[in-house]
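Chain by chain, the residues:
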Amino acid sequence: MTTPSTTSSGSGGVTGAGGSGSPRSGLPGQRGSDAPKRGAGKSANSSEHRPREITVGFLVGRLIALGLVAALLLFGLPPLIRTDNWIGVGVLVAAGAGIAYLYLTRRHVPLKYLLPGTVFLIVFQLVPVILTVSTAFTNFGDGHRGTKEEAITAIQTGSLEQVAGAASYNLSPALKDGKLVFLLVPVDDKGDPVLDQAKVGTADGLTDLTGLTDANLSLTKQLSEVPGYDILSKPDASARGDEIANFAVPTEQGAIKSSGLSKAVELRAVRAYDAACDCVTDTKTGTVYPADEAKGYFVSADGTVLSGGQGWKVGVGWANFTRIFTDKTVSGNFFSVFVWNVVFALLSVLTTFALGLVCALALHSPRMRGTKIYRTILILPYAMPSFAMLLVWRDMFNKDFGLINNLFGWHIDWLGQPTTARLSLVLVNLWLGFPYMFLVATGALQAIPKELTEASSIDGATAWQGFKRVTLPLLLVALTPLLISSFAYNFNNFNAIKLVTDGGPYAIDNATVGATDLLISYTYRLAFGGIAQLGFAAAVSVIIFTLVAVMSIIGFRRSRSLEEVYS
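In this report, the structure presented in the accompanying data block is examined. (Residues numbered from 1 in each chain as written. Predicted model: local features only at pLDDT ≥ 70, side-chain atom pairs only at ≥ 80, totals over all residues. Heavy atoms only, no water.)

It is characteristic of soluble globular proteins that their nonpolar side chains tend to be buried jointly. Within the largest apolar cluster, 41 residues are counted, with the highest numbers of intra-cluster contacts made by Ile324, Leu475, Leu479 and Phe491. Where this core is concerned, the elements lending two or more residues are α8 (319-326), α9 (328-364), α14 (418-447), α16 (463-491), α18 (519-528) and α19 (534-566). Of the residues forming this core, the biggest block, eleven residues, is contributed by α9. Apart from residues lying up to four places away in sequence, Ile324 is in contact with Val330, Ser331, Phe334, Phe536, Ala539, Val540 and Ile543. By size, the runner-up hydrophobic cluster in this structure holds 17 residues, among which are Trp340, Phe344, Leu432 and Leu518. (Core = buried A, V, L, I, M, F, W, Y, C linked by side-chain atoms within 4.5 Å. Buried < 20%, exposed > 50% of the residue type's maximum accessible area, 1.4 Å probe, protein only. Helix = DSSP H or I, 4+ residues; strand = E, 2+ residues; numbered from the N terminus. Contact = heavy atoms within 4.5 Å.)

Our next topic: the packing of aromatic side chains. Taken as a whole, this structure holds 20 aromatic pairs when the rule is applied. Their ring planes at 55° and their centres at 5.4 Å tell us that Phe397 and Trp414 sit as a pair that is tilted. In this pair, Phe397 sits in the loop between α12 (386-396) and α13 (403-408) while Trp414 sits in the loop between α13 and α14, placing the two residues 17 residues apart along the sequence. For the pair shown, Phe397 and Trp414 are each scored as buried. An aromatic cluster is defined as three or more aromatic residues linked by ring pairs; in this entry it consists of Trp393, Phe397, Phe408, Trp410, Trp414 and Trp431. (Phe/Tyr/Trp six-rings, centres within 6.5 Å; stacked < 30°, edge-to-face > 60°.)

Let us now look at the sheet that holds strand β11 (residues 279-282). Within the open sheet, the four strands sit side by side as β10-β11-β12-β13. Their pairing is antiparallel. Edge positions in the sheet fall to β10 (271-274) and β13 (297-298), since each has one partner strand and no second. For strand β12 (residues 288-292) and β13, the ladder comprises two bridges, and the chain directions are antiparallel. Within β13, the position partnered with Asp292 by the bridge is Tyr297. (Pairing = 2+ DSSP bridges.)

Counted by the stated rule, this structure contains twelve salt bridges. Between Lys148 and Asp278 there is a salt bridge whose closest N-O contact spans 2.7 Å. Separated by 130 residues along the polypeptide, Lys148 in helix α5 (residues 148-158) and Asp278 in the loop between β10 and β11 bring together distant segments of the chain. Accessibility expressed as a relative area gives 14% for Lys148, which makes it buried. Residue Asp278 is classed as partly exposed on the basis of its relative accessible area of 22%. When the shortest N-O distance is used, the salt bridge between Lys148 and Glu293 registers 2.6 Å. Taken together, the residues Lys148 in helix α5 and Glu293 in the loop between β12 and β13 connect sequence positions 145 residues apart. One continuous salt-bridge network, built from bridges that share partners, spans Lys148, Asp278 and Glu293. (Salt bridge = Lys/Arg side-chain N within 4 Å of Asp/Glu carboxyl O.)

Relative to the helices and strands, Thr442 resides in helix α14. Accessibility expressed as a relative area gives 11% for Thr442, which makes it buried. Separated by 2.7 Å, the side chain of Thr442 and the backbone oxygen of Phe438 make a polar contact. Excluding residues within four positions of it along the chain, Thr442 makes contact with Ala360 and Arg375. (Polar contact = N/O pair within 3.5 Å; in protein donor to acceptor, adjacent residues only side chain to side chain.)

Listed below in structure tokens is the structure:
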């Protein structure tokens, strides 16, 4: 059987249907079927090697990339090098080289657009989560914010006392390369300056100050001018009084600190650290405080922690998480707070969604007039600053002079009773949250095809049946993710609790937790009510994050099944 592919145009060259005939394209004067392909291939190759045009956008993009790399290295490398963080230096240099390669070549075009968003996602989302989780396994907080070396320095500096016979100096606060230094001139028994023993005091210690003569002194025997140093005037020194008072020049015996703005004295540390025993000794009492690496404290043999509570940051494993469930102060109220937390978040979402949906349905009706005006009025609560409105609502619920009691002639202690305080919070959140639900419901209603609702009415469905069977399911498919995110937000709605009820009312015998406390406000009070316990607060935050994540995952799975049914 003959097919169109067996006959070729031109001089009558014939090939088989399967292409097994003689390849006549190679004969002189013949143009085989593959000749144009070779020509086309040459044309394509020639266009690939043709130099591409360098546009203004190309140059601007490269300049921006080079500027970003230069800024990254300029601001990131110096502090890393000063701290001998060579791993960080390597990572930063590798990152800069990668960015430069990516944006200075024409390859990997999709990655050029994905990289900035990915970097911002990591910086603003993953890094805070990672830091919070890592902090939850430490004792980080007041007294445990730094390293062991910093703790030792703070202990010794905090125990400085002036001793008999310690040197005293005429002090001239000055600036050297923008940094504060002390120009110190010892005085003899008569109070006269000894210029040949003058020193420069910095945060690193003392160095000699040579070349001084009486010409460098003022009438008050203070240094008035020293080459290379900018001596502060009295007004400038007064303006930096706190900085001068806190500045310490380390010495072998202790440190030199200011006594006013014109005098300085050498102080000696009462508590001295001995690296041989890894302990701090109180020279007054003779008590020895060995280091407890597990707790990050210096503790004596009888269990007394070195006074002042100065310690260092150490890993404590699961201790913070264990405390949540074993410490009666915490665990005794944790479950009740959690139950109210879930109820508050659910009520906030359901009430705001219900009211917002009702308003959206009313203004979605084609028979409604003046919809623009109504919509503007309805979104006013959403446009107002929430913190200001929360304070206004708190005053409106006041028992004695609140607007609500005065308007209706009531004498209800809204914020003084557990039930009414919780009801007040739900009402305040309803007023603040329904405009958002109104906006998203309005957008979702406009996206539902009118043919669906019209078809349901033609089939004999009532308005309620059409809403229940058609409109509401389609709305839930679109809005369930937003409802879940709203639940997560209200689960951690710290502002509403803090500004309206401050967690109260409180029981007479329990000032730790109030009737309206959420887990987030309860955590805040536990962690920051006295000494800041940031590690413990981070552990509770991880628990809250886990609870919200589990509930959100369940909600998303249910919304996915709903979407499959109505898709």
